[in-house]
Amino acid sequence: MAASEHHGKEGTITDVLQDTLGDETRCELDSYSYRIETDGEEIDVWFRHRDLVPVSQ
């Protein structure tokens, strides 16, 4: 299942994973990955913040 097939959908965060990527990139939001539920099903992909919001945010 490709993450791109979920483009434009709205969902709910069901789990958050924190790592050290933000230390490397100097962007705190890069340290978080999110598991999302949409259409009543949890998507088996971890998304980064940049995957979930428009580039301008």
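For the structure itself, look to the data block above.
The numbers attached to residues start from 1 for each chain and follow its sequence in the written order. Note on the predicted model: pLDDT of at least 70 is required for a residue's local features to be given, and 80 or more for side-chain atom pairs to be given and counted; whole-chain, interface and lining totals, by contrast, use all residues. Computation of side-chain values covers all heavy atoms of the structure but excludes hydrogens and water.

Colleague: Honestly, the environment of Gln18 in this entry has me stumped. Any pointers?
Modeller: Strands are runs of DSSP state E lasting at least 2 residues, helices are runs of H or I lasting at least 4, and numbering of each runs from the N terminus. Tracing the backbone through its elements, the reader meets Gln18 in strand 1 (residues 12–18). Considered as a pair, Gln18 and Tyr32 are 14 residues apart in the sequence and their alpha carbons are 4.6 Å apart. Residue contacts are counted whenever heavy atoms from the two residues lie within 4.5 Å of one another. Contact partners of Gln18, with chain neighbours within four places excluded, come to Ser31 and Tyr32. In the analysis that follows, any N or O atom pair within 3.5 Å is treated as a polar contact, provided that within protein one partner can donate a hydrogen and the other can accept it, and provided that, for residues neighboring in sequence, both atoms belong to side chains. Within polar-contact distance, the side chain of Gln18 engages the side chain of Tyr32 at 3.4 Å.

Colleague: Teacher, can you tell me more about the pattern of salt bridges here?
Modeller: Side-chain pairs of opposite charge can arise where the charged atoms are in close proximity. By salt bridge we mean one thing: a side-chain nitrogen of Lys or Arg within 4 Å of a carboxyl oxygen of Asp or Glu. All told, the structure shown has 4 salt bridges when counted by the stated rule. For Lys9, the salt bridge is made with Asp39, and the minimal N-O distance between the two is 3.3 Å. One end of the pair, Lys9, is in the segment before strand 1; the other, Asp39, is in the loop between strand 2 (32–38) and strand 3 (41–48), with 30 residues separating them in the sequence. On the basis of relative accessible area, Lys9 is assigned to the partly exposed category, the value being 42%. Note on exposure labels: buried denotes an accessible area under 20% of the residue type's maximum, exposed denotes more than 50%, and partly exposed covers the range between, all computed with a 1.4 Å probe on protein chains only.

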